[in-house]
Amino acid sequence: MTSAPPTAPASALADTVLGRLTEVYPAAGDPFRAQEMVAYMKGIAPFLGVRTPERRALSRTVLEGTPRPDEADCTAVALRCFALPEREYHYFAVDYLRRHVGRCSSGFLPVARHLVLTDSWWDTVDHLAAHVVGGLVAADPGLAERMDEWIEDDDLWIARTALLHQLRFKGDTDTERLFAYCLRRAGDTDFFLRKAIGWALREYARTGPDEVRAFVERNRDRLAPLSVREALKHL
C-alpha cells in the first residue's frame with residue numbers, strides 16, 4: 001500500500017523564501033535556453049532557463065537575511081519547491097537541503113524519499129542520495145536498516161539512492177553493506193543502476209582501493225562490464 005505524500009507544514013520562513021524565489025527566478029529566465037535545458041534533460045521537467053552560476057547567485061539574494069531553518073522549515077521549503085513544475089526550483093530545494101540537512105532528524109527521511117520520487121532523474125536524485133539521505137544516515141546509523149529496504153525497492157531511483165547514499169562516507173563506509181548492495185542489484189539491466197554500482201565502488205576505492213579491487217575480481221562474473229569499468233577507472 002502506497003503511503004500518502006507528506007504535507008508541507010506551515011512556515012513563515014518558507015513563505016518568505018518562496019515569495020522571493022518565484023519572483024526573481026522567472027525574471028532571470030531565458031525561454032530559448034529553457035528549451036535547450038529541457039532537451040538536454042530528456043524532457044523530465046520544464047525549465048525557466050536560468051544557468052547554474054546565475055541561479056546560485058540569485059539564490060543568495062533570495063536567502064539574504066533569512067534565519068536558519070528548523071526541520072519544519074526545511075520540509076516546507078523542499079515540498080513547496082518540488083510542487084512547482086520548473087526544474088530550477090527543485091535545484092534550489094536540493095541546494096537548501098544540502099546546506100541544512102544537519103538540522104533535520106531521521107524523521108525527515110520520508111520527505112527525502114518523496115523528493116527522490118518526484119520527477120525522478122539523476123540531476124536531483126544523486127545529490128539527494130549523497131548529501132541528504134547520506135547525511136541523515138550518517139547522523140543516525142539506525143536508518144541504515146531503511147536503506148536495506150530501499151535497495152530492494154522496485155523503483156530504480158530509490159534503489160539507486162540506497163547504492164549511492166554512502167558516497168561521502170570515506171573511512172566510515174560500511175563496506176559489507178556497500179558490497180552486499182552492489183551484488184543485490186548486479187543482475188539489473190538498467191543503465192542507471194549499473195552505473196551507480198560502479199560509481200559507488202569507484203568512490204570507495206579512493207579510501208579502500210585494495211578492498212574494491214579484490215571485490216571486483218571475486219565478482220567479475222556477476223557485475224556488468226559497465227560497473228566493472230566504473231569501479232576500476234582510477235585503480
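Preceding block: the structure.
The shown structure was predicted, so the numbers you read here are calculated from the model rather than taken from an experiment.

Visitor: Which parts of the structure should I look at to understand the overall build of the protein chain?
Guide: Counting secondary structure elements, the protein chain contains 13 helices and zero strands. In terms of overall size, the protein chain behaves like a compact globule, its C-alpha atoms giving a radius of gyration of 19 Å where 235 residues would be expected to give roughly 18 Å. When the backbone C-alpha atoms are referred to their principal axes, the protein chain occupies close to 55 × 40 × 35 Å. Counting over 235 residues, the protein chain shows a buried share of 49%. The long-range fraction of contacts in the protein chain, counting pairs at least 24 apart against all pairs at least 6 apart in sequence, stands at 71%. Accessible surface for the protein chain amounts to roughly 11,500 Å². Of this, 51% is attributable to carbon and sulfur atoms. Of the charged side chains in the protein chain, 31 are positive and 34 negative, and the gap between their average positions amounts to 5 Å.

Visitor: I keep staring at the side chain of Ser11 and nothing clicks. Help me out?
Guide: Within the secondary structure layout, Ser11 lies in the segment before helix H1 (12-27). Overall, Ser11 belongs to the buried group, its relative accessible area being 7%. Once residues lying within four places of it in the same chain are set aside, the contact partners of Ser11 are Asp73, Ala76 and Arg80.

Visitor: Explain the packing of aromatic side chains here, please?
Guide: Here the distance between the centres and the angle between the planes together describe a pair of aromatic rings. Per the stated rule, a full pass over the model turns up nine aromatic pairs. Note on Trp157 and Phe192: the rings are 4.9 Å apart at their centroids and 45° apart in plane angle, and the pair reads as tilted. A residue pair is termed long-range when its members are at least 10 positions apart, and Trp157 in helix H9 (residues 156-164) and Phe192 in helix H11 (residues 191-205) qualify at 35 residues. Like Trp157, the residue Phe192 is buried in the burial classification. Judged by centre distance (4.3 Å) and plane angle (10°), the ring pair of Phe179 and Phe215 falls under stacked. Here Phe215 lies in helix H12 (residues 209-218) and Phe179 lies in helix H10 (residues 175-184), a separation of 36 residues in the sequence. With relative accessibility at 12%, the residue Phe179 sits in the buried group. Here Phe215 falls in the buried class, since its relative accessible area comes to 2%. Site record: aromatic cluster; members linked through ring pairs are Tyr25, Tyr89, Phe92 and Tyr96.

Visitor: Looking at this structure, I do not really get the pattern of salt bridges. What am I missing?
Guide: Once their charged atoms are close, side chains differing in charge can pair, the charge on each being opposite to the other. Enumeration over the complete set of coordinates arrives at 18 salt bridges. Ionic pairing is found between Arg113 and Asp153, a salt bridge with its closest N-O pair at 2.9 Å. Pair noted here: Arg113 is in helix H6 (residues 109-116) and Asp153 is in the loop between helix H8 (144-150) and H9, with a separation of 40 residues, a long-range link. The exposure class of Arg113 is partly exposed, given its relative accessible area of 25%.

Visitor: Where do I start with the nonpolar core in this structure?
Guide: Looking at soluble globular proteins, one finds that nonpolar side chains tend to be buried together. Counting 79 residues, the largest nonpolar core has Phe92, Phe108 and Leu201 as its most contacted members. Excluding its chain neighbours within four sequence positions, the residues that come into contact with Phe108 are Glu71, Cys74, Thr75, Leu97, Val132 and Leu136.

Visitor: I would appreciate a short explanation of the side chain of Arg185 in the present structure.
Guide: With respect to the helices and strands, the residue Arg185 is situated in the loop between H10 and H11. For Arg185, a relative accessible area of 6% gives the class buried. Reaching out from Arg185, the side chain makes a polar contact with the backbone oxygen of Asp153 at a distance of 3.1 Å. When sequence neighbours within four positions are dropped, the list of residues in contact with Arg185 reads Ile151, Glu152, Asp153, Ala159, Leu193 and Ile197.

Conventions used here
Residues numbered from 1 in each chain as written. Predicted model: local features only at pLDDT ≥ 70, side-chain atom pairs only at ≥ 80, totals over all residues. Heavy atoms only, no water. Helix = DSSP H or I, 4+ residues; strand = E, 2+ residues; numbered from the N terminus. Rg over C-alpha atoms; globule rule 2.2 N^0.38 Å. Buried < 20%, exposed > 50% of the residue type's maximum accessible area, 1.4 Å probe, protein only. Contact = heavy atoms within 4.5 Å. Areas by Shrake-Rupley, 256 points an atom, 1.4 Å probe, with all protein chains shown as cover. Lys, Arg positive; Asp, Glu negative; His and termini not counted. Charge placed at Lys NZ, Arg CZ, Asp CG, Glu CD. Phe/Tyr/Trp six-rings, centres within 6.5 Å; stacked < 30°, edge-to-face > 60°. Salt bridge = Lys/Arg side-chain N within 4 Å of Asp/Glu carboxyl O. Core = buried A, V, L, I, M, F, W, Y, C linked by side-chain atoms within 4.5 Å. Polar contact = N/O pair within 3.5 Å; in protein donor to acceptor, adjacent residues only side chain to side chain.

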